[in-house]
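Listed below are the residues making up each chain.
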Amino acid sequence: MKKRLLIGIAITLLSGYVAVSADQPSPQDILKKALQADQTAQYQATGVSWAWTDGKQISARVRIYRSGTRSRVEYLSGPLTGMVMVDDGKTVETLMPGCGCPSVRENAASPNVLNTLLANHTAKLVGSDTIASRSVYVVELLPKIKGNPSSKLWIDKSTFVILRNDRYSADGKMVSSTRFDKVDYSARPSPALFRRPGTGAIAVKPYENLADVRDIVGFAPIKPGYVPRGYSFGGYYISRTLCGRSLVVLKYTNGLNVISIAEGNCPCVGGACPMRGHGPRRRAGHGPAVCLLSANRQARVFRNTVGDISIVVTGNVADNELRKIAASFQ
Amino acid sequence: MKSEGKCTKIRKMLPYHAMDALGHRTRASVDEHIRSCADCRAELDALKKVATLVETSELEAPPDMWPSIFARLKTRMEPGQYRGISAWLRTHRMQSMVATGAVIITLVGVLLNIQLQKEQPQLTYHTYLATHAAISWTEPFADKAALGLISTLELQKEADVKP
């Protein structure tokens, strides 16, 4: 009798667990659907964005319109009140009120993003929550290799739209966060909202072909001899700087985080390097002098010089890794 | 579209152009480029101003410089070998002209370099942080609203530190 009762309890518990498990999709499935929703969803939302720069936290209320790959972000408060960023799916244009200085950058497609992301991160479904009156899954993306940033996403259980997005630095400090307090899926944003004025010159543009890059900047960019495990080359960019000269930027990604390597051969590129050649920043022997330009929470910036080319490595990974990348240029 | 590579080549010749030291063909090629490139034209104008300053500056040697050099040369000569500096200049006219030209070009080069260094302040780390945020835009699950804040604020800080 007692034995039958125990078996009955076990069967009841097991069937309950199976039922719960059947309700809960795997975190990989949730992320896959979230990525699809990022390409197809339509909505209008309001919320708050936080970011840390130079040790300070800045925040802004934002209104966001999405229609497939097109988006429009309006900054309603904070230091950039009135700024609008329009992404027509290919090109992003940033418009500042009272400033005839639109900044334009072209996007590059990122193929196989989910595979790269999941190869380098462990996705964990850590629970459920409510954001903007919507029931959400909470999914953590933790790096498989130490010294890399992590992320936590709050994903709508019905639409798979990300309603809150927190980013953490390699040492676990929050770098940025955007959370919606209101979302309207019935909204059909007008196509006019995603139309760029098209008045600005391209400031950042992706290139696939090394020969094109070389022709434009007049030198052949160098690839680093070392990149951290999990990162792969994600393309060249040419960035027009405020000193009027162009930088070549090499992008490396692990699916969630980017390491950028800027290279330039004009005297204005590089940045002041007060510690250059001193103390532990100089590699033993007669190797290149690598110095730290900035240690911000969102990214650290290291500099090296090879011949007449200045190299600046920027990323949110462990300092020793960034230093190793910067020192690997010969 | 303007080629950065072409500009780089042309800019190397601009100091010589400013001093009228280019050959006819090279000068024509540079002139053709600067007609269509405002940046290079501006740089040439700046270089010409510096060259004019150098040419019009009234630098004078200290009064005892030449007698002192002359006396030192004389002590190093064997007796009977000295024929006078003017005689040496007459027999080595070409060499002396080349040497004088080299000294002037070196001086102008040093002055130009100082001037160019002054005109090209170094970019700060803000530029790299802004670019970094801009190219992170297309990563999966990128927080675009926050990236927009970071990239624009960093660019503004870079603009603020420029004179």
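In what follows, the structure referred to is the one given above.
Here's what I pulled together on the structure shown here. (Residues numbered from 1 in each chain as written. Chains lettered and ligands numbered in written order. Predicted model: local features only at pLDDT ≥ 70, side-chain atom pairs only at ≥ 80, totals over all residues. Heavy atoms only, no water.)

Some remarks on the overall build of chain B
Along its length, chain B carries eight helices and zero strands. From first element to last, N terminus to C terminus, chain B shows the α and β order α-α-α-α-α-α-α-α. The buried share of chain B, reckoned over its 163 residues, is 36%. A separation of at least 24 residues holds for 57% of the contacts in chain B among residues at least 6 apart in sequence. Accessible surface, chain B as shown: approximately 10,500 Å² in total, 60% of it carbon and sulfur. (Helix = DSSP H or I, 4+ residues; strand = E, 2+ residues; numbered from the N terminus. Buried < 20%, exposed > 50% of the residue type's maximum accessible area, 1.4 Å probe, protein only. Contact = heavy atoms within 4.5 Å. Areas by Shrake-Rupley, 256 points an atom, 1.4 Å probe, with all protein chains shown as cover.)

Brief notes about the overall build of chain A
In terms of regular secondary structure, chain A is built from five helices and 18 strands. Taking all 330 residues of chain A together, 49% fall into the buried category. Long-range pairs, those at least 24 residues apart, make up 47% of the contacts in chain A with a sequence separation of at least 6. Put simply, chain A shows about 15,300 Å² of open surface, and 53% of that area lies on carbon and sulfur atoms.

Section: the packing of aromatic side chains
All names here are of chain A. In this structure the tally under the stated criterion is five aromatic pairs over all chains. Three or more aromatic residues joined by ring pairs form one cluster here, namely Y43, F180 and Y185. The ring centre of W154 lies 4.0 Å from the NZ or CZ of R164, which sits over that ring. A cation sits over an aromatic face here: K324 above Y226, 4.4 Å from the ring centre. (Phe/Tyr/Trp six-rings, centres within 6.5 Å; stacked < 30°, edge-to-face > 60°. Lys NZ or Arg CZ within 6 Å of the ring centre and 35° of its normal.)

Considering the packing of helix α1 (residues 4–18) of chain B against helix α2 (residues 24–36) of chain B
Residues and elements named next belong to chain B. The interhelical angle for the contact between α1 and α2, taken along N-to-C directions, is 120 degrees, at an axis separation of 10 Å. Accordingly, the angle class assigned to the pair α1 and α2 is oblique. Helix-helix and strand crossings are classified by hand; for α1 and α2 the assignment is left-handed. Here K6, C7, I10, M13, L14 and H17 of α1 lie close against α2, whose contacting residues are T26, R27, S29, V30, D31, H33 and I34. Of the residues contributing to the contact of α1 with α2, the split by class is six nonpolar, four polar and three charged. (Axes fitted to C-alpha atoms, helices over the stretch in contact; angles between N-to-C directions. Parallel < 35°, antiparallel > 145°, perpendicular 65-115°, else oblique. Left-handed = near helix turned anticlockwise from the far one by under 90°. Nonpolar A, V, L, I, M, F, W, Y, C, P; charged D, E, K, R; others polar.)

Thoughts on the interface of chain A and chain B
Residue-level contacts link 78 residues of chain A with 44 residues of chain B. One can count two salt bridges joining chain A with chain B. For R240(A), the salt bridge is made with D39(B), and the minimal N-O distance between the two is 3.8 Å. For the interface between chain A and chain B, the tally reads 14 residue pairs in polar contact (both at pLDDT 80 or more). The element that contributes the greatest number of residues to the side of chain A that touches chain B is strand β14 (residues 246–253) of chain A, accounting for five residues. (Salt bridge = Lys/Arg side-chain N within 4 Å of Asp/Glu carboxyl O. Polar contact = N/O pair within 3.5 Å; in protein donor to acceptor, adjacent residues only side chain to side chain.)

Looking at the environment of R179(A)
Residues and elements named next belong to chain A. Checked against the element boundaries, R179 lands in strand β11 (residues 174–184). A relative accessible area of 26% places R179 in the partly exposed class. Remark: the alpha-carbon pair of R179 and W154, spanning 25 residues in sequence, is separated by 8.8 Å. Among the polar contacts made by the side chain of R179, one reaches the side chain of S177 at a distance of 3.2 Å.

Quick notes on the pairing of strand β7 (residues 121–131) of chain A
All names here are of chain A. Alignment of β7 against strand β8 (residues 134–143), held across ten bridges, turns out to be antiparallel. Bridge assignment links K124 to a residue of β8, and that residue is E140. Joining the antiparallel neighbours β7 and β8 is a turn of two residues, in which A132 adopts a positive phi near 50 degrees. (Pairing = 2+ DSSP bridges.)

Describing the pairing of strand β15 (residues 258–264) of chain A
Residues and elements named next belong to chain A. Within β15, seven of the seven residues are buried, leaving the element largely enclosed by the surrounding structure. Neither face of β15 is exposed, since V258, S260, A262 and G264 on one face and I259, I261 and E263 on the opposite face are all buried. Across six bridges, the pairing between β14 and β15 is antiparallel. When the bridges of β15 are listed, K251 appears paired with S260. The hairpin turn running from β14 into β15, its antiparallel successor, is four residues long, and G255 in that turn takes a positive phi close to 100 degrees. Two strands pair when backbone bridges link them, and β15 and strand β18 (residues 309–315) are joined in this way by six bridges, in the antiparallel orientation. Bridging across to β18, E263 finds its partner in I311.

Quick word on the pattern of salt bridges
All names here are of chain A. A full pass over the atoms with the stated rule returns 15 salt bridges over all chains. The residue R63 makes a salt bridge to E74 at a minimum N-O spacing of 2.6 Å. Residue R63 is found in strand β2 (residues 56–67), and its partner E74 is found in strand β3 (residues 70–75); the two are separated by eleven residues along the sequence. Judged by relative accessible area, which is 26%, R63 ranks as partly exposed.

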